[in-house]
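Summary of the model geometry
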Amino acid sequence: KEVDLDLALQVAIEGAKGAGGLILKSFRKDVVNKKKSLTDPVTEVDLACEDLLRALIAKHFPTHKFLGEESFEGSYNLSDDPTWVVDPIDGTANFVHGLQWTCVSVALVVDKMPMVGVVFNPVTQEMYKAVRGKGAFMNDEKISPSQVEDMPSACICTEFGANRDPEVVQKKVDIMHKVIQSPVQALRCLGSCALNMCAVASGNVDGYYEWGMHPWDVAAAFLICTEAGAVVTDLDGSAFSITARRTLVANAKIQPQLKKIIMDAGAPMQPSVN
Ligand code: IPD
């Protein structure tokens with residue numbers, strides 16, 4: 001299982017830039033929704049980006065496994081083997097609408113733990129990256145979470161996700177109601193889980209929570225957040241897992257406050273669906 005992590009980082013960056021180039025070429029042009037649902041679109045560009053990433057990774061690491069959003073077939077099957085966990089476009093709905101909060105997310109996971117993570121926004125050219133034990137960076141700048149200490153000064157992010165089941169939507173609205181009235185300075189749904197997490201890692205956002213995301217949404221950003229010094233847990237503060245489909249990430253001061261608000265408001269620990 002010895003993996004050259006420096007090479008893995010180079011490959012992740014090259015792949016993210018390549019996929020980012022495809023995204024930019026089609027940005028604010030007509031793109032076709034190929035399947036899924038209206039609330040969870042997948043475009044021809046998602047598919048092309050995933051193909052590009054899969055081929056590049058296979059060229060350098062032919063024995064490694066691959067888990068990608070667009071080739072996912074119902075079960076993650078995540079083993080301890082080196083596995084590349086890839087979201088070719090996170091924030092696809094933003095991409096479809098020409099909104100800039102969209103990115104490519106690439107992680108190398110070994111023993112179910114992300115070892116290398118890259119999140120690239122091709123529109124802003126912001127490249128977030130981390131290798132386990134080596135800190136987190138945005139382009140070449142070391143990043144760290146904010147110093148904000150209390151909720152009235154905090155900017156918190158969450159998302160509605162793709163599920164339109166009335167009970168699920170109502171629960172999300174109820175929890176948002178509690179968060180906004182805690183009170184907070186700002187509550188945002190920006191539309192990309194990976195970029196929301198990177199915004200906590202780099203101190204632009206003070207906390208983020210969501211449930212229903214998949215490993216490809218969180219794997220790279222989880223490493224970037226932990227390497228930056230943010231606290232990443234399950235919604236109730238217990239250990240985070242990339243397959244649990246629940247995330248709470250914040251700076252160390254905001255994390256317990258946000259956790260209490262969302263848990264008191266009934267954030268669901270089961271079932272782990274969106
Ligand atoms: C989605 C986005 C969205 C979040 C969903 C994700 P996708 O990823 O990150 O903000 O609410 O949970 O699945 O479908 O754009 O790759």
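Residues numbered from 1 in each chain as written. Predicted model: local features only at pLDDT ≥ 70, side-chain atom pairs only at ≥ 80, totals over all residues.

1. Topic: the overall build of the chain
Each helix and strand in the chain was counted, giving seven helices and twelve strands. Computed over C-alpha atoms, the radius of gyration of the chain comes to 17 Å, within 12% of the 19 Å expected from 2.2 N^0.38 for 274 residues, which places it in the range of a compact globule. Along the first, second and third principal axes, the C-alpha atoms of the chain reach 50 × 40 × 35 Å. Residues classed as buried in the chain amount to 45% of the 274 residues present. Long-range pairs, those at least 24 residues apart, make up 68% of the contacts in the chain with a sequence separation of at least 6. (Helix = DSSP H or I, 4+ residues; strand = E, 2+ residues; numbered from the N terminus. Rg over C-alpha atoms; globule rule 2.2 N^0.38 Å. Buried ≥ 20, exposed ≤ 12 C-beta atoms within 10 Å, placed from the backbone. Contact = placed C-beta atoms within 7 Å.)

2. Here we look at the nonpolar core
Of all hydrophobic cores here, the largest spans 78 residues; its most connected members are Val119, Met197, Ala201, Ile224 and Cys225. It is helix H6 (residues 215-228) that provides the largest number of residues to this core, a total of ten residues. (Core = buried A, V, L, I, M, F, W, Y, C linked by C-beta atoms within 7 Å.)

3. Brief notes about helix H1 (residues 5-26)
The terminal C-alpha atoms of H1 lie 32 Å apart, and with 22 residues this matches the ideal 32 Å at 1.5 Å per residue to within 8%. Here H1 has its buried residues at Ala8, Leu9, Val11, Ala12, Gly15, Ala16, Ala19, Gly20, Leu22 and Ile23. Just downstream of H1 lies Arg28, where phi reads positive at about 65°. (Expected span 1.5 Å × (residues − 1).)

4. A look at the packing of H1 against helix H2 (residues 44-60)
With their axes 9 Å apart at the nearest point, H1 and H2 run at an angle of 155° to one another. What the angle tells us is that H1 and H2 run roughly antiparallel. Both H1 and H2 take part in a crossing whose hand is right-handed. In this structure, H1 uses Leu7, Val11, Glu14, Gly15, Gly18, Ala19, Leu22, Ile23 and Ser26 to contact H2, whose residues at the interface are Val45, Ala48, Cys49, Leu52, Leu53, Leu56, Ile57 and His60. When its residues are assigned to classes, the contact of H1 with H2 shows twelve nonpolar, four polar and one charged. (Axes fitted to C-alpha atoms, helices over the stretch in contact; angles between N-to-C directions. Parallel < 35°, antiparallel > 145°, perpendicular 65-115°, else oblique. Left-handed = near helix turned anticlockwise from the far one by under 90°. Nonpolar A, V, L, I, M, F, W, Y, C, P; charged D, E, K, R; others polar.)

5. Observations regarding the site of the ligand
Near the ligand, the surroundings consist of 17 residues, among which Asp90, Thr92, Glu159, Cys193 and Met213 are the closest. If you tally residues by element for the shell around the ligand, the top one is strand E2 (residues 83-90), at three residues. Looking at side-chain class alone, the shell around the ligand contains three nonpolar, seven polar and seven charged residues. Taken together, domain 1 (5-142) and domain 2 (151-264) each give at least three residues to the shell around the ligand, which thus spans both. (Near = placed C-beta within 6 Å. Domains from an automatic or database assignment.)

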